[in-house]
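Residue-level listing of the chains:
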Amino acid sequence: MAKVGRNYIMMWMLFSILLILGHSVEAGKVRHFKWDVEYIFWSPDCEENVVMGINGQFPGPTIRATAGDTVVIELTNKLHTEGVVIHWHGIRQLGTPWADGTASISQCVINPGETFYYRFKLDKAGTYFYHGHYGMQRSAGLYGSLIVDVAKGEKEPFHYDGELNLLLSDWWHESVHHQEVGLSSNPMRWIGEPQNHKLVVVEADGNYVQPFAVDDLDIYSGESYSVLITTNQDPSNNYWVSVGVRGREPKTPQGLTLLNYNTNSPSKLPTSPPPVTPLWNDYAHSKSFTTKILALMGSPQPPKTFHRRITLLNTQNKMNGGYTKWAINNVSLTLPPTPYLGSIKYGLKNAFSLVNPPENFPNDYDVMKPPVNPNTTTGNGAFTLAINTTVDVILQNANALSENVSEIHPWHLHGHDFWVLGYGDGKFDPKRDERKFNLKNPPLRNTAVIFPYGWTALRFMADNPGVWAFHCHIEPHLHMGMGVVFAEGVQHVNNIPNQALACGLTGKMFTTKAANHNN
């Protein structure tokens, strides 16, 4: 709870977590956790429902460690009828791409009754989280906080007296299995604001930013922020914290909780009404917040030029008689039964399509109107990136199937941070828009948004050998095909645990080798 007086509180407000950041370190402790994943009865909103829990609790246990530590999670699947994996969101998995926790990309699913060991190093401090990355298990409740403190002897570039970890998530009464069948989606974009208190943003996605003060905070699915709050209001009162859905017209009232000043009862209601969150479609407000985010002085700067540019057009399409899909350059992603990491490492030619995915879209495509031909196709090809090269990605938004509809999409890159070079409206024009790029102090992120009818420019170094997902973090959108796969330097990846690849063609390969060895 807040301390009375002019103290600072670090509030971790993320769509699934958030925290602070430090520098890379070499040494640390090994921290062991033993988890059982199973369905349990829970009442998140006072109405009992079935949720996916860990060790009998929802959300899952908070992992708290120090930069440089190695985390070992002994994960047992007790779901009985479905597989499971867990992605460690924001952890770059340097040297351990098989521990990224992405089904069909970095590993096989963990089958019912099986135990899998995740082992990885926390290379830098920050606010992170973990969540299921198979089907729609995140929506079922499989997530929790992963908080990495700065290494011993290091300090954050700001002072605070206490911490609050605020975990925000959507919740439905309809089961995820119903949602999967119906291919339904819900907004995953939030606004949070504590009454009468300024929020000073100091960190985003595990990277320090130039501090700036706001009245409310935009949080997209997959993002995390650290903010400072000064408890300088009347200590005899409590204050509302409002949380509202944006990006799609909400059908429910805004969420409310209290900022409780010590000496007051936690049940004491504020004397004034709660603040009203911004309108769901006030995109000018959203852009104003997003463009304020700049890297702290001294942060790594991006390379001035790029080796390769990939432009990804985000569209909503139809397929096979009317099924709605999301597609990238008119290809809706479907994942293969053999993880890419294994099939590429062992040169298995029939595991996924070797046809290169399209790197752009036709020049005459009108992003302001519904597609003339709404039909799409599926594919599972991967972009192969040359190791240690600089890659630009232009995320291009467009009109959906219905007229005058373009949705917000937060995109998350596994295994890397990227620089957000800029945002713009309409169709990206290299000659016109490259001049707007911020190459001086662009923020480092692992998740970035594209606004309706707009574009977002990203730049990253392909310097982490492995196979990595890049996708819209709205879970139904990924489930409906909104993602791509990047592969880089897989030949440099060694010591992949056989258990991570014990399915599909790699599983058959291991079985054949074992049989030949025994004969």
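Numbering of residues starts from 1 in every chain and runs along the sequence as written. The predicted origin of the model limits local features to residues at a pLDDT of at least 70 and limits the giving and counting of side-chain atom pairs to 80 or more, whereas totals for whole chains, interfaces and linings rest on all residues. Only heavy atoms go into the side-chain values, all of them from the structure, while hydrogens and water stay out.

K.L.:
Could you clarify how one ought to interpret the overall build of the protein chain in this entry?
P.N.:
Of the regular secondary structure elements, the protein chain holds six helices and 30 strands. Exposed residues in this analysis have more than 50% of their type's maximum accessible area, buried residues have under 20%, and partly exposed residues fall in between, with area computed by a 1.4 Å probe over protein chains only. Burial status across the protein chain gives 57% buried among its 519 residues. Whether two residues are in contact is decided by their heavy atoms: any pair within 4.5 Å suffices. Sequence-distant contacts, at least 24 apart, represent 79% of the contacts inside the protein chain between residues at least 6 apart. The helix count covers DSSP runs of H or I at least four residues long, the strand count covers runs of E at least two residues long, and both are numbered beginning at the N terminus.

K.L.:
Explain unusual backbone geometry to me, please; I cannot follow it from the model alone.
P.N.:
The general pattern is negative phi for most residues beyond glycine and trans for most peptide bonds. Omega for the bond connecting phenylalanine 58 with proline 59 falls within 30 degrees of zero, at -15°, which places this linkage in the cis form. Looking at the secondary structure, you find proline 59 in the loop between β3 (49-54) and β4 (63-66).

K.L.:
Teacher, can you tell me more about the sheet that holds strand β27 (residues 447-450) here?
P.N.:
Within a sheet, each strand pairs with its neighbour through backbone hydrogen bonds, oriented either parallel or antiparallel. The five strands are arranged β22-β30-β29-β24-β27 in an open sheet whose pairing can be described as mixed. For this open sheet the edge positions go to β22 (383-385) and β27, each flanked by a neighbour on one side alone. The average angle at which neighbouring strand axes cross in this sheet is 25°, direction not considered. In this analysis, strands are considered paired if DSSP registers two or more bridges between them. As paired strands, β22 and strand β30 (residues 483-488) are joined by three bridges and run parallel to one another. Bridging from a neighbouring strand, threonine 384 pairs with alanine 487 of β30. Note on geometry: axes are lines fitted to C-alpha atoms, helical ones only across the stretch in contact, with angles between N-to-C directions running from 0 to 180 degrees.

K.L.:
Please explain the nonpolar core as it appears in this structure.
P.N.:
Side chains of a nonpolar character, in soluble globular proteins, are inclined to be buried together. Ranked by size, the top nonpolar core spans 56 residues in total, and within it Trp35, Ile73, Trp88, Tyr118 and Phe120 carry the most contacts. The residues touching phenylalanine 120, leaving out its near neighbours within four places in the chain, are Asp69, Thr70, Val71, Ile73, Trp88, Ile91, Gln93, Thr96 and Ala99. What we call a nonpolar core is a set of buried Ala, Val, Leu, Ile, Met, Phe, Trp, Tyr and Cys residues that are connected through their side-chain atoms within 4.5 Å. Within the second largest apolar cluster, 25 residues are counted, among which are Ile450, Leu458, Ala462 and Met482.

K.L.:
Sorry, what's going on with the pattern of salt bridges here?
P.N.:
Here the idea is simple: oppositely charged side chains can pair when their charged atoms come close. By definition here, a salt bridge exists when the distance from a side-chain nitrogen of Lys or Arg to a carboxyl oxygen of Asp or Glu is within 4 Å. Across all of its chains, the model carries 16 salt bridges by this definition. The residue arginine 92 makes a salt bridge to aspartate 123 at a minimum N-O spacing of 2.3 Å. Of this pair, arginine 92 sits in the loop between β6 (86-89) and β7 (115-121) while aspartate 123 sits in the loop between β7 and β8 (126-132), placing them 31 residues apart in sequence. The exposure class assigned to aspartate 123 is buried, which follows from its relative accessible area of 11%. Three or more residues are tied together by salt bridges with common partners; here these are Arg309, Asp392, Glu434 and Arg459.

K.L.:
Is there a simple way to think about the state of the cysteines in this case?
P.N.:
What we call a disulfide is simply a covalent bond connecting the sulfur atoms of a pair of cysteines. Disulfides are defined as pairs of cysteine sulfur atoms found within 2.5 Å of each other. Tallying each qualifying case throughout the model produces one disulfide. The disulfide partner of cysteine 108 is cysteine 503, and the gap between their sulfur atoms is 2.0 Å. Around the S-S axis, the bridge from cysteine 108 to cysteine 503 shows a dihedral of about -90° and counts as left-handed. Separated by 395 residues along the polypeptide, cysteine 108 in the loop between β6 and β7 and cysteine 503 in the loop between β30 and α6 (504-518) bring together distant segments of the chain.

K.L.:
What is the right way to read the pairing of strand β18 (residues 308-319) from this model?
P.N.:
Along a regular strand, successive side chains alternate from one face of the sheet to the other. Summarising burial for β18: 10 of the 12 residues are buried, a large majority. Pairing geometry for β18 and strand β23 (residues 390-396), over six bridges, is parallel. Bridge assignment links isoleucine 310 to a residue of β23, and that residue is valine 393. Judged from the six bridges that link them, β18 and strand β19 (residues 323-328) form a sheet pairing that is antiparallel. Bridge pairing links methionine 319 to tyrosine 323 in β19. Hairpin geometry of β18 and β19 is characterised by an intervening segment of three residues between the two adjacent antiparallel strands and by a positive phi of about 50° at asparagine 320.

K.L.:
Looking at this structure, I do not really get the sheet that holds strand β5 (residues 70-77). What am I missing?
P.N.:
The strand order across the open sheet built from four strands is β3-β2-β5-β7, with neighbouring strands paired in mixed fashion. Only two strands of the sheet have a single partner each, and these edge strands are β3 and β7. On average, each strand axis in the sheet is inclined to that of its neighbour by 20°, with strand direction left out of account. Two strands pair when backbone bridges link them, and strand β2 (residues 30-42) and β3 are joined in this way by six bridges, in the antiparallel orientation. The residue of β3 that forms the bridge with tyrosine 39 is methionine 52.

K.L.:
Would you mind showing me how to read the confidence of the model for the protein chain here?
P.N.:
Interpreting fine coordinate detail is not advised for predicted regions of low pLDDT. Confidence along the protein chain averages 87 in pLDDT terms, with 90% of residues attaining 70 or more. Overall, residues 183-193 carries pLDDT values under 50, and its contacts beyond four positions in sequence, including any with other chains, amount to 70 contacts. A residue's pLDDT is simply how confident the predictor is in it, with values from 0 to 100.

K.L.:
Help me out: how do you make sense of the environment of asparagine 207 in this one?
P.N.:
Structurally, asparagine 207 is set in strand β13 (residues 207-214). Sequence separation of asparagine 207 and serine 224 is 17 residues, and the distance between their C-alpha atoms is 9.9 Å.

K.L.:
Would you take a moment to explain the packing of aromatic side chains for this structure?
P.N.:
Within a pair of aromatic rings, the relevant descriptors are the distance that separates the centres and the angle that separates the planes. In this analysis, rings of Phe, Tyr and Trp, with Trp reduced to its six-membered ring, are considered paired at centre separations within 6.5 Å, and the interplanar angle assigns stacked below 30 degrees, edge-to-face beyond 60, and tilted for intermediate values. What the rule picks out here adds up to 26 aromatic pairs. For the ring pair phenylalanine 470 and phenylalanine 486, a centre distance of 5.7 Å and an interplane angle of 25° mean the geometry is stacked. One end of the pair, phenylalanine 470, is in strand β29 (residues 466-472); the other, phenylalanine 486, is in strand β30, and 16 residues separate them in sequence. On the basis of relative accessible area, phenylalanine 470 is assigned to the buried category, the value being 1%.

K.L.:
What am I meant to see in helix α2 (residues 283-290) here?
P.N.:
Since the α-helix packs 3.6 residues into each turn, any two residues three or four apart lie on the same face. Those residues of α2 not exposed but buried are Tyr283, Ser286, Phe289 and Thr290. In a view along the axis of α2, the buried residues occupy a sector of 120°, so they form one face of it. Directions are taken from the helix axis to each C-beta atom, and the arc is the one they span.

K.L.:
Mind showing me how you'd approach the side chain of aspartate 216 here?
P.N.:
Residue position: aspartate 216 is located in the loop between β13 and β14 (217-220). What makes aspartate 216 buried here is its relative accessible area of 8%. A polar side-chain atom of aspartate 216 sits 2.7 Å from a polar atom in the side chain of histidine 285. N or O atoms within 3.5 Å of each other form a polar contact, as long as, within protein, one can give a hydrogen and the other can take it, and as long as residues adjacent in sequence are counted only when both atoms are side-chain atoms.

K.L.:
Looking at this model, I keep getting lost on the pairing of strand β9 (residues 143-149). Mind explaining?
P.N.:
Among the seven residues in β9, six count as buried, and that is most of the element. Pairing geometry for β4 and β9, over four bridges, is parallel. Residue pairing across strands places isoleucine 63 opposite leucine 146, the latter belonging to β9. Strand direction decides the pairing type here: β8 and β9, joined by six bridges, are antiparallel. Across the sheet, tyrosine 130 pairs through a bridge with glycine 144, a residue of β9.

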